[in-house]
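A structural walkthrough
In case you want the letters, here they are:
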Amino acid sequence: MNRTLEHILPKVQKPARYTGGEYNAVVKDKRTVDTRFALCFPDTYEIGMSNLGCRILYGLMNEQEGLWCERCYAPWGDMEEEMRREGLLLYALESGDPISDFDIIGFSLGYEMAYTNVLNMLDLAGLPLRSADRPELTPLIVAGGTCCYNPEPLAPFVDFFVLGEGEEVTLEYIALYRQAKEECWSKEEFLREVAQIPGIYVPSLYEVTYHADGTVEAITPKDGAPATVTKRIVEDMDKSYFPVKTIIPSTEIVHDRVMLELFRGCIRGCRFCQAGYAYRPVRSRNPKLLAQYGKAACEDSGYQEMTLSSLSSTDYPCLMELCDELLDYCAPRDIGLSLPSLRADTFSMNLMERLQRVRKGGLTFAPEAGTQRLRDAINKNLKEEDLLQSCRTAFSGGWSGVKLYFMLGLPTETDEDVLGIADLARKVYQCWRECTPNRARGVRITVSTSWFVPKPHTAFQWDAQIPMEEYQRRVNLLRDALKRDRSITYNWHDPQTSYLEAIFSRGDRRLADVLETAWQNGAKFDSWSEYFDFQRWMDALKACGLSGDFYAHRVREKDEVFPWSVPSVGVSRQFLWHERELCYQSQTTPDCRTRCSGCGANKFLPGGVCNG
Amino acid sequence: MADRLLFSKTGRAKYISHLDLMRTFQRAFTRAGIEIKHTQGFHKHPFVSIALPLSVGYSSQCEILEFGLVGGATAEEVPARLTAAMPEGIIIHQCYPAERKLKELAFVNYIINFEYSEGRPQASEPAMQELLSRESLVMQKKSNKSKKGYTEVDLIPLIRGFNLECQSDTLTLDAVLCAQNPGLNPELIRAAFCQAYPEYAPDFVTFHRREVLDIDGNPFR
């Protein structure tokens with residue numbers, strides 16, 4: 001281990017995050033390696049290590065000969081301070097080598113509030129932030145993850161973005177990179193070529209012009225770059241890579257368990273949900289294969305916990321069959337099996353009861369809206385009676401707490417909808433009174449609300465986020481309505497980060513200056529209250545002459561050129577507009593299995609048929 | 001009857017904390033297919049216990065872990081199988097039935113290296129000699145039990161013996177310290193030295209456990 005690092009580590013909190021050497025970490029002989037990849041996650045080790053996408057890419061890349069993928073996370077403030085003081089450059093955990101010496105540096109972008117960490121990590125690596133200031137071919141800075149469906153605020157910093165699922169395209173662009181390196185291409189030559197690979201968006205090959213009012217006038221591709229870049233998917237989940245052998249951290253991380261990915265996509269079509277649109281079409285894994293993967297992953301990891309993951313596990317067609325098989329394996333070994341993302345229906349509750357024979361975890365439902373009218377408008381096809389029935393089952397079975405998640409500020413929301421949340425919570429309380437076997441124990445009903453952030457590539461991409469004062473008013477309205485209910489706790493999400501998310505999720509590339517200014521003034525770890533400073537962001541917007549409200553609180557015209565017009569998730573704009581119109585009529589759209597609504601994502605599959 | 005492991009923890013594994021190490025062992029037993037005793041009760045979990053918790057950042061070649069071997073491997077097979085299931089830096093040397101009580105573990109032999117990147121000051125050695133030869137050396141020690149937040153401890157009676165060795169840029173203290181009831185954390189020796197002789201304060205200090213000993217000074221197993 002590097003001597004400087006050894007001298008630093010005793011001074012920082014949780015040093016095991018910075019050492020590498022975990023079980024299953026891949027160490028290759030550098031003499032056999034021609035391409036080195038630093039897989040970076042712009043947040044702490046504990047969060048980054050929990051990311052399933054990174055586990056997949058890490059395993060997949062390291063299966064390749066001559067390619068070595070290593071990990072790198074954002075050091076916490078105390079570590080950063082020591083690194084800067086000692087002049088220690090940001091290094092990859094496996095080798096301890098500075099990532100600036102690598103061929104490719106790849107960031108996973110899952111949430112906007114991590115953007116400043118990308119800049120900070122580039123700076124800690126000793127690299128210029130802007131792509132234009134890095135004239136050499138190496139290191140290439142690439143990024144993937146759901147934020148890349150509108151990566152514009154990061155456009156000047158990142159050389160290219162990867163849209164969609166990375167299993168295939170990662171190996172394709174690495175192959176091209178190897179050719180480029182061997183044939184001594186310039187960075188420009190490489191970027192022009194890589195833009196021809198489907199799913200790769202090279203921001204420097206697009207010129208953006210603006211109208212006087214600040215909206216985008218046109219996005220013009222150059223050097224043969226495609227006008228639309230459509231995301232990539234894995235067609236057949238049964239043939240796709242599954243990370244049976246994953247790194248088992250030597251210190252605790254957020255999701256410290258086996259993660260079994262049942263399927264990708266979601267049949268529901270909730271109109272606010274970016275994941276619901278962006279991961280289409282639905283593709284399931286075979287239950288036999290899943291059971292096999294799950295068991296093998298438990299044996300390899302020694303984990304005593306397994307979780308089934310997907311956007312809506314109840315919609316997995318063979319859920320019972322899979323759970324039965326997994327339970328036969330897990331129960332005698334005391335391995336806990338957990339199933340988040342369940343719908344609040346009777347089927348799910350029966351399943352929960354079977355799974356949680358031993359440990360009764362918390363019960364969380366996300367009705368999202370307080371009235372049936374608004375739930376219909378956002379196409380959250382959850383009936384009140386289903387939710388209450390689920391609660392009855394849970395309370396009869398001995399659960400004594402339930403969490404309910406809602407959003408405030410959804411399009412078409414009225415005060416009646418806000419107060420409907422309080423009514424619903426009270427009805428849940430009534431269910432408890434009727435069903436609990438033990439009233440003396442009491443009940444804890446938690447209502448949480450967040451401030452709705454309209455996302456690109458959703459039916460609400462045209463809509464405004466309600467103003468902050470209005471959000472606060474609705475919070476107060478609900479708080480007052482719940483004041484006298486002692487068994488109901490009300491939590492609301494701090495509005496400041498939601499405002500910034502609303503700005504950056506639908507922002508254009510002019511916001512890059514805001515990011516850089518905020519970073520220069522100390523912004524990093526903006527999703528952590530320890531570091532977040534709202535005023536710093538307001539100052540940065542002002543310094544750059546931009547208005548946050550323009551991005552967050554403005555209703556867009558039907559035909560406005562969006563900053564995210566080039567990236568495509570495969571769902572047509574017409575379909576999204578139609579969904580928006582249905583919302584304003586409070587009309588629902590049936591799920592994909594009941595009836596195809598013609599969103600356009602079927603074109604990804606052979607024969608154009610989704611079968612999920 | 002309990003079983004014991006003798007293992008070392010060096011290199012990158014130095015930074016794994018005590019609690020994380022316990023969890024790592026529990027998982028490693030499962031990975032290696034070694035069945036061990038579980039605690040009884042509502043939430044059953046694999047039983048492992050480490051004799052003397054090691055501070056984060058210290059290395060050791062003589063750690064002792066107690067557990068109960070149920071099956072899946074013979075005692076002879078355990079070291080190799082378990083080492084293969086461990087993170088880098090943890091090596092299992094022996095697996096054997098416990099024959100002595102843990103409270104018979106009386107002393108720990110530490111190798112404490114004082115590093116001077118600009119070269120070791122000549123007078124650092126006599127300074128350390130002087131310090132450790134005092135009649136008494138009282139230091140404040142953090143304590144959760146005391147109202148003041150610290151207690152006072154005299155280091156001298158807890159140091160059974162020591163030996164000093166010098167190189168051009170290091171001063172090595174080879175010391176035998178009381179292990180438990182009460183034990184002495186060698187960090188206090190470093191702190192006392194830096195307090196008494198701030199001009200000879202080293203740039204960096206490493207701590208290594210070389211051996212655990214019984215009351216007669218023989219290796220404890």
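Below: a short report on this structure. What you are looking at is a predicted structure, and each value in this text was computed from that prediction instead of being measured. (Residues numbered from 1 in each chain as written. Chains lettered and ligands numbered in written order. Predicted model: local features only at pLDDT ≥ 70, side-chain atom pairs only at ≥ 80, totals over all residues. Heavy atoms only, no water.)

1. Structural notes on helix α4 (residues 77–86) of chain A
All names here are of chain A. For α4, the full list of buried residues reads G77, M79, E80, E82 and M83. In this fold, the buried residues of α4 make contact with α1 (3–8) and α5 (115–124). Phi turns positive one or two residues past the end of α4, at G87, with a value near 70 degrees. (Buried < 20%, exposed > 50% of the residue type's maximum accessible area, 1.4 Å probe, protein only. Helix = DSSP H or I, 4+ residues; strand = E, 2+ residues; numbered from the N terminus. Contact = heavy atoms within 4.5 Å.)

2. Looking at the pattern of salt bridges
All names here are of chain A. Scanning the entire structure with this criterion turns up 65 salt bridges over all chains. For E172, the salt bridge is made with R232, and the minimal N-O distance between the two is 2.7 Å. With E172 in helix α6 (residues 166–182) and R232 in the loop between β9 (229–230) and β10 (258–261), the pair connects residues that are 60 residues apart, well separated along the chain. Each member of the salt-bridge network shares a partner with another, and the members are E165, E167, E261, R264, R283 and R285. (Salt bridge = Lys/Arg side-chain N within 4 Å of Asp/Glu carboxyl O.)

3. Considerations on the pairing of strand β4 (residues 59–67) of chain B
Residues and elements named next belong to chain B. Extensive coverage of β4 is indicated by the burial of eight of its nine residues. Relative to β4, strand β3 (residues 49–50) runs antiparallel, the two sharing two bridges. Residue I50 lies in a different strand from β4, and its bridge partner there is L65. Relative to strand β12 (residues 204–213), β4 is paired through two bridges, and the arrangement is parallel. Its bridge partner being in β12, S59 is matched across the sheet by H208. (Pairing = 2+ DSSP bridges.)

4. With respect to the sheet that holds strand β14 (residues 336–338) of chain A
Residue and element names in this part refer to chain A. Spatially, β10-β13-β14 is the arrangement adopted by the three strands of the open sheet, whose pairing is parallel. With partners counted over all chains shown, the strands left at the sheet margins are β10 and β14, one partner each. Each strand axis lies, on average, 20 degrees off the axis of its neighbour in the sheet, ignoring direction. Pairing analysis gives three bridges linking strand β13 (residues 305–309) to β14, with the strands arranged parallel. Bridging across to β14, E305 finds its partner in G336. Helix-sheet contacts for helix α10 (residues 319–330) involve β10, β13 and β14, and the interaxial angle to β13 is about 170 degrees. (Axes fitted to C-alpha atoms, helices over the stretch in contact; angles between N-to-C directions.)

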